[in-house]
Amino acid sequence: MTHSPLPDPPGADLGRVRDWVREAVQLSRPIAVLTGAGMSAESGVPTFRDALTGLWAQFRPEELATEAAFRDRPQQVWDWYASRRAAVAGVEPNAGHRALATFQAREPGRLTLITQNVDGLHQAAGSPGVLALHGNLAEDRWLDSPRACCDASVAAGTLTDACPPACPACGNLRRPAVVWFGEFLPEQALRDAETAARTCALMLVVGTSGAVYPAAGLAFTAHQAGARVVVVNPEPSELDPVADVVLRGTAATLLPALLAP
Ligand code: NAD
């Protein structure tokens, strides 16, 4: 954040950050972008907090997105994910996703895209090499290590049609292939994201509340390693204190402006 008694008008900050992007391109310096649920808000995908509306309003994400919750109440957790899958089905990348993909096509290898999102919209926009730290909502995997009967049931298409589906022989459950609270992140993706954070000259932190670790810690890593950190978020976030500039606006409006040639 700019520490001045009279903050610069938003236009001036926008211009500064645009200059930083151009400078990184001209000097062949790496850029990292860390995105969160707000990145997809303008595509119509609810953020984590917004996803707990209606029937789900009485829960906190930390009460549903855990292995313990799934083992205890598999159908309830499965149904919550089914409602999130339905919210994502048919949505399109927005102008922010497209601006990132267009920049990556124009400047191959310049920008590492790290996302906490599980909606696949960066990939759908055409971004290459997305580091999806929290998995993919569209995929399932086994809850417990699969036995031969589990693999055979998938091959034969004989999973039970319960919610969640199970191996008919041993009862092993299918679970969403996302990273739950308390679980390890995919090792290689996290390592690559940490390297990008440590070595980038500029990190854009877009649409994340900064409350979920270790992803949020990447902004601190970049800041400590001397990178310029820019937060793009219409609301205050927990990462504002490490930002050199906070741009109060949305992903779909600000990213096209920041990343234009
Ligand atoms: P979060 O819901 O905690 O925070 C969302 C942030 O986005 C908020 O700070 C909000 O002010 C900001 N925001 C809202 N609209 C915005 C916009 N148009 N442009 C820019 N910013 C905007 O989400 P989080 O920080 O990503 O962390 C929660 C976890 O939720 C993550 O682990 C993620 O895996 C998961 N999640 C993913 C999706 C998705 O894949 N789209 C959706 C919900 C939750």
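Structure shown above.
Residues numbered from 1 in each chain as written. Predicted model: local features only at pLDDT ≥ 70, side-chain atom pairs only at ≥ 80, totals over all residues. Heavy atoms only, no water.

Caption draft 1: Structural detail: the site of the ligand. In the region of the ligand, 27 residues are neighbours, and Gln-116, Asp-119, His-134, Thr-208 and Ser-209 sit closest. Computed on the free molecule, the ligand has an accessible area of 850 Å², of which 91% lies beneath the protein chains in the complex. Its residues assigned to classes, the shell around the ligand comprises 9 nonpolar, 13 polar and 5 charged. (Near = heavy atom within 4 Å. Areas by Shrake-Rupley, 256 points an atom, 1.4 Å probe, with all protein chains shown as cover. Nonpolar A, V, L, I, M, F, W, Y, C, P; charged D, E, K, R; others polar.)

Caption draft 2: Spotlight on the packing of aromatic side chains. Scanning all chains against the criterion turns up 3 aromatic pairs. Centroid distance Phe-70 to Trp-180: 5.3 Å. Interplanar angle 40 degrees. Geometry classified as tilted. Taken as a pair, Phe-70 in helix α3 (residues 67-72) and Trp-180 in the loop between β5 (174-178) and α8 (187-199) lie far apart in primary sequence, 110 residues in all. We classify Phe-70 as buried; its relative accessible area is 0%. Judged by relative accessible area, Trp-180 falls into the buried class, the value being 2%. (Phe/Tyr/Trp six-rings, centres within 6.5 Å; stacked < 30°, edge-to-face > 60°. Helix = DSSP H or I, 4+ residues; strand = E, 2+ residues; numbered from the N terminus. Buried < 20%, exposed > 50% of the residue type's maximum accessible area, 1.4 Å probe, protein only.)

Caption draft 3: Spatial organisation of the pairing of strand β1 (residues 31-35). Across the 5 residues of β1, 5 count as buried, placing the element largely inside the fold. Judged by which residues are buried, β1 turns out to be covered on both faces: Ile-31, Val-33 and Thr-35 on one side and Ala-32 and Leu-34 on the other are all buried. For β1 and strand β2 (residues 111-115), the ladder comprises 5 bridges, and the chain directions are parallel. The partner of Val-33 across the bridge, within β2, is Leu-113. (Pairing = 2+ DSSP bridges.)

Caption draft 4: Spatial organisation of the pattern of salt bridges. Per the stated rule, a full pass over the model turns up 10 salt bridges. In this structure, Arg-71 engages Glu-67 in a salt bridge whose closest nitrogen and oxygen atoms are separated by 2.7 Å. Of the two residues, Arg-71 and Glu-67 are both situated in helix α3; the distance of 4 residues between them amounts to about one turn of the helix. On the accessibility criterion, Glu-67 (31% relative accessible area) is partly exposed. Close ionic contact of Arg-175 with Glu-183 constitutes a salt bridge, the shortest N to O distance being 2.7 Å. Since its relative accessible area comes to 2%, Arg-175 is described here as buried. (Salt bridge = Lys/Arg side-chain N within 4 Å of Asp/Glu carboxyl O.)

Caption draft 5: Here's a closer look at unusual backbone geometry. Following Cys-163, the chain continues into Pro-164 via a peptide bond in cis, with omega recorded as 0 degrees. Following the sequence through the fold, Pro-164 ends up in the loop between α7 (148-156) and β5. Following Tyr-213, the chain continues into Pro-214 via a peptide bond in cis, with omega recorded as 10 degrees. You can see Pro-214 is positioned in the loop between β6 (202-206) and α9 (217-224). Phi at Ser-28 takes a positive value of approximately 55 degrees, unusual for a residue other than glycine. Along the polypeptide, Ser-28 turns up in the loop between α1 (10-26) and β1.

Caption draft 6: Quick peek at the pairing of β6. Counting buried residues along β6, 5 of its 5 residues qualify, which places the element largely inside the surrounding structure. Covered by surrounding structure in β6 are Leu-202, Leu-204 and Val-206 together with Met-203 and Val-205, the residues of both alternating faces. Strand direction decides the pairing type here: β1 and β6, joined by 5 bridges, are parallel. Residue pairing in the sheet places Ile-31 in a bridge with Leu-202 of β6. With 5 bridges joining them, β6 and strand β7 (residues 228-232) adopt parallel strand pairing.

Caption draft 7: A look at the sheet that holds β7. An order of β3-β2-β1-β6-β7-β8 is seen for the 6 strands of this open sheet, with the pairing classed as parallel. Sheet topology places β3 (131-132) and β8 (245-247) at the edges, where each strand pairs with a single neighbour. Of the strand pairs in this sheet, β2 and β3 are connected by 2 bridges, and their pairing is parallel. Residue Ile-114 lies in a different strand from β3, and its bridge partner there is Leu-131. Lying over the sheet, helix α5 (residues 95-106) contacts β1 and β2, oriented at roughly 150 degrees with respect to β2. Against the sheet, α9 contacts β1, β2, β6 and β7, and its axis sits at roughly 155 degrees relative to β6. (Contact = heavy atoms within 4.5 Å. Axes fitted to C-alpha atoms, helices over the stretch in contact; angles between N-to-C directions.)

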